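The lines below spell out each chain.
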Amino acid sequence: MSYLREKTPAPAAVPGQGERVTGSEILLRMLLAEGVDCVFGYPGGAVLYIYDAMHGNPAFRHVLTRHEQGAIHAADGYARSTGKTGVCLATSGPGATNLITGIATAHMDSVPLVVITGNVASNLIGTDSFQEADIVGMTQPITKHSYFVRRVEDLARIIREAFLLAGTGRKGPILIDIPKDVTAAVTEFVYPESIDIPGYEWANPEANPVDETKLDELIDAIASSAKPLLLAGGGVIQADGSGVLLEFIEKTRIPVTTTLMGLGSVPADHDLWLGMPGMHGTYAANRALIECDLLIAVGARFDDRVTMRLDGFAPHARVAHLDIDAAEIGKLVPASLPIVGDARRILERLNAKLPKPFPDQAEWIESLRKRRREFPLRYAPSTEELKPQYVIEMISRTTDGNAIVTTDVGQHQMWAAQFYRFRHPRSLVTSGGLGTMGFGFPSAIGAQIGNPGKTVVSVNGDGGMQMCAQELAICATHNIPVKIAVINNRTLGMIKQWQELIYDGRYSHIDLSGSPDFVKLAEAYGVKGLRAETPSEAQRVWKEALKTPGPVLIDFVVSKNELVFPMVPQGKALQDIILGPEGSCDRWTGN
Amino acid sequence: MDRKLIGFTVNDTPGVLQRVSGLFSRRGYNIESITVGPSEREGCSRMIVAASGDDALIRQMCSQLRKLIDVLDVVLMHERPYVSRELMLVKLRMDPSKRAEIQTLADTFRCSVIDIGPETMIVQIVGDTDKNDAFLQLIQPYGILELTRTGETAMNRGM
């Protein structure tokens, strides 16, 4: 099918058509035509023509990171926080392979990226030449699609296809690998008026109408359900469907739990929101999953961190699975009501069809609220020791849940998910599927560039902070005012937690002593550094950080022995939730 | 678990076989054979994959295949009447005293002897996988020196 997106300019509006230019110039013009306002990259031998073209094209904004991994995570943070497609650029060989973790991160969480790599010249391909790597081959399992550009004449079309593929259907990273000679070759610049991808069904969403009979079936199922539950995932946010989701919740009064990737799609103060489910989910959300008789999963893929042992997941529920990816339906949890489509479009149709008034399951809702009241998320507060949960609560309170929060991976990530009161979609940027350490800080740079007016807080552990700390240089040179919180417990906290609970306290290689003085590290890059070791210091220092117009790193020296609770140990079912010492009971065992 | 044939058309682009085989290997799907060759459509090849798994798994394979941009359409061959064939070449040790016997067997299975040397002979057999398996079992005692099979290709009957 041929399909022209509205947001791309009409061909006539793209300047310089008909001119004979290099492949590099075509690349830049096409990126600008796609509305790309920032590319994160790192030069190298195979992309020198591209960087040379940038030199002569001041309209093109490029941010030089200090590592290719920083570039792709920044592009990823930009994409997640704005909804636009992120773009990064690297050279052949090691430049390309350094992107791999970032490509896999984006792929697992369905983040739209266009990843451009240079490669050695065509005549050297396959000869093991200097800085040659088969990046297309290596990344096939972790891209939505990939291109190797053989002829300069194909370049403009491939770039348009890449943006269409990245940003439609189930979104994801697209790789474009361009040999050096193609970037130098000259051809006539023609903006492709239409593109045709016969094997791709999501080019035009209008071509995929939602199955109306299935919607009627679902409405009937809701009407006859005594204990309905909504499970909203990242697909709702990707589809910009939070507004219609809220409307659906208001109309049906169905309680809702949001996965890690779905946090922010329902505001934390919503009276029907139960919190996050799964391994570190709330008691109320996990109980709701165990007890519900109808589970409506929207844009969620039943990750094992959500379902835990599958035979204990929603055992009494009829499952309706609403997802844009037909392959997700039935992959893990059988669905008797499968509906394929974009979350927003499905919910819009449902909202239009819902009869009113809809019966309210007051008893069910009250039983869940009771659990929310009786078993809230909690920790032991302290006036002397700085607790990591306290830091997150403080950040949440002082930003009123309005900041964009990026996290790294580990305990602090779970505390951020639990204790930050997210109010908006696209305000949590976190590596959910791949669980990539080193993601938290560079992704905040991309998020801040994409949202210049917003407060961006990057929450990191002391482990992950050291995996991409070199990007402090960009914060300093571009004055990117990210507030970088290091939740510093001097250990690999989540690993320690597992070793404590599952490996009988045999701590193995979790001690991070020898880490740098983070304040000095920040200052070495020209970024303001602050430290807090007590709750009162934390208050004072954080206030100062928020008032500082530029980037600030805050080293929150927190207590070492905090554990993330509740916890459902791996291999256990949701009902085996451990509430921890602060819960009213150590372990939930019955009703 | 049942063995099922999945038929699909792919863009005839470099790396497409790698995309398909990579999908099967990384998701741990069990496949017995893949056949690829040009189709009636210019620029497109047709692949037939013989895979085993329960119904849900086979459907999951089809859904995952459909997601590949270079895969154009996917059908489960058994959902409509179909025919399937596999080409097999068997090199046998040639014992002159057994030649007539082998020839009779080959005739019964409608296969042909396509090469005879001083010590070996090559038999060609075309049939569905079950028939080929049956022939192999019968011929086993004569001493199989070498065996090559193309894997099954298939086509739905009618329009």
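Residues numbered from 1 in each chain as written. Chains lettered and ligands numbered in written order. Predicted model: local features only at pLDDT ≥ 70, side-chain atom pairs only at ≥ 80, totals over all residues. Heavy atoms only, no water.

Draft legend 1. Geometry of the overall build of chain B. Secondary structure assignment for chain B yields four helices and nine strands. Counting from the amino terminus, helix and strand elements in chain B follow one another as β-α-β-β-α-β-β-α-β-β-α-β-β. Principal-axis analysis of the C-alpha atoms gives chain B an extent of 55 × 35 × 30 Å. Residue burial in chain B is summarised as follows: out of 159 residues, 43% are buried. Long-range contacts, defined as pairs at least 24 residues apart, comprise 73% of the intrachain contacts of chain B with a sequence gap of at least 6. When the accessible surface of chain B is totalled, it reaches about 8,700 Å², and 51% of it is carbon and sulfur. Chain B carries 20 positive and 21 negative side-chain charges, and their two centres are separated by 4 Å. (Helix = DSSP H or I, 4+ residues; strand = E, 2+ residues; numbered from the N terminus. Buried < 20%, exposed > 50% of the residue type's maximum accessible area, 1.4 Å probe, protein only. Contact = heavy atoms within 4.5 Å. Areas by Shrake-Rupley, 256 points an atom, 1.4 Å probe, with all protein chains shown as cover. Lys, Arg positive; Asp, Glu negative; His and termini not counted. Charge placed at Lys NZ, Arg CZ, Asp CG, Glu CD.)

Draft legend 2. Inspection of the interface of chain B and chain A at higher detail. At the interface, 15 residues of chain B touch 19 residues of chain A. Between chain B and chain A, a total of about 1,300 Å² is buried, with carbon and sulfur atoms accounting for 50% of that surface. The tally of links between chain B and chain A comes to one salt bridge. A salt bridge links B:Lys67 to A:Asp325, with the nearest nitrogen and oxygen atoms 2.6 Å apart. Taken together, the links from chain B to chain A amount to three residue pairs in polar contact (both at pLDDT 80 or more). Of all elements in the fold, only helix 1 (16-26), helix 2 (55-67) and strand 4 (71-76) of chain B reach the threshold of two or more residues within the side of chain B that touches chain A. No other element matches helix 2 of chain B, which puts five residues into the side of chain B that touches chain A. (Buried area = accessible area lost by both parts, 1.4 Å probe. Salt bridge = Lys/Arg side-chain N within 4 Å of Asp/Glu carboxyl O. Polar contact = N/O pair within 3.5 Å; in protein donor to acceptor, adjacent residues only side chain to side chain.)

Draft legend 3. Seen up close, the domain arrangement of chain B. Residues and elements named next belong to chain B. Here chain B is described as being made up of domain 1 (3-79) and domain 2 (83-156). In this structure, domain 1 and domain 2 have C-alpha centres spaced 28 Å apart. Listed as interface residues are eight residues of domain 1 and, on the opposing side, nine residues of domain 2. Both faces combined, the contact of domain 1 with domain 2 buries some 640 Å², and carbon together with sulfur accounts for 53% of it. Where domain 1 meets domain 2, there are one salt bridge. With a shortest N-O distance of 2.0 Å, Arg3 and Glu152 are connected by a salt bridge. Summed over the shared surface of domain 1 and domain 2, the result is three residue pairs in polar contact (both at pLDDT 80 or more). Put simply, the parts of the chain that give the side of domain 1 that touches domain 2 at least two residues each are strand 1 (3-11) and strand 2 (30-38). Ranked by the residues each element gives to the side of domain 1 that touches domain 2, the list is headed by strand 2, at three residues. By residue class, the composition of the side of domain 1 that touches domain 2 is five nonpolar, two polar and one charged. (Domains from an automatic or database assignment. Nonpolar A, V, L, I, M, F, W, Y, C, P; charged D, E, K, R; others polar.)

Draft legend 4. Broad picture of empty space enclosed by the protein. Residues and elements named next belong to chain A. Counted under the stated rule, the structure contains four cavities of 30 Å³ or more. The space that makes up the largest cavity amounts to roughly 140 Å³. Arg80, Asp109, Val111, Pro112, Gly234, Ile237, Gln238, Met261, Arg426 and Leu428 are the residues that line the largest cavity. The leading source of residues in the lining of the largest cavity is helix 10 (residues 234-238), at three residues. A per-class count over the lining of the largest cavity returns five nonpolar, two polar and three charged. Structurally, the lining of the largest cavity is a two-domain feature, drawing no fewer than three residues from each of domain 1 (11-204) and domain 2 (209-374). The space that makes up the second largest cavity amounts to roughly 50 Å³. Taken together, Ile222, Ala223, Ser225, Pro228, Thr252, Ile254, Phe358, Pro359 and Gln361 make up the full set of residues lining the second largest cavity. Considering only residue class, the lining of the second largest cavity consists of six nonpolar, three polar and no charged. (1 Å grid on protein atoms, 1.4 Å probe; cavity = no way out; pocket = protein on both sides within 12 Å on 5 of 7 lines; lining within 4 Å. Points joined across faces, edges and corners; volume = space filled by probe spheres on them.)

Draft legend 5. Main features of unusual backbone geometry. Residue and element names in this part refer to chain A. In this chain, Phe565 is followed by Pro566 through a cis amide linkage whose omega measures 0°. Looking at the secondary structure, you find Pro566 in the segment after strand 21 (552-557). Positive phi is not limited to glycine here, since Asp128 has a value of about 60°. When you line up the elements, Asp128 lands in the loop between strand 6 (113-119) and helix 6 (135-139). Here Asp128 falls in the exposed class, since its relative accessible area comes to 74%. Phi at Phe302 takes a positive value of approximately 55°, unusual for a residue other than glycine. Mapped onto the elements, Phe302 comes out in the loop between strand 13 (294-298) and helix 13 (304-307).

Draft legend 6. Structural detail: the sheet that holds strand 15 (residues 337-340) of chain A. All names here are of chain A. Pairing within the open sheet is parallel, and its five strands lie in the order 12-11-13-14-15. The open sheet has two free edges, formed respectively by strand 12 (256-258) and strand 15, since each of these has just one partner strand. Averaged over all pairs of adjacent strands, the angle between strand axes in this sheet comes to 15°, irrespective of strand direction. (Pairing = 2+ DSSP bridges. Axes fitted to C-alpha atoms, helices over the stretch in contact; angles between N-to-C directions.)

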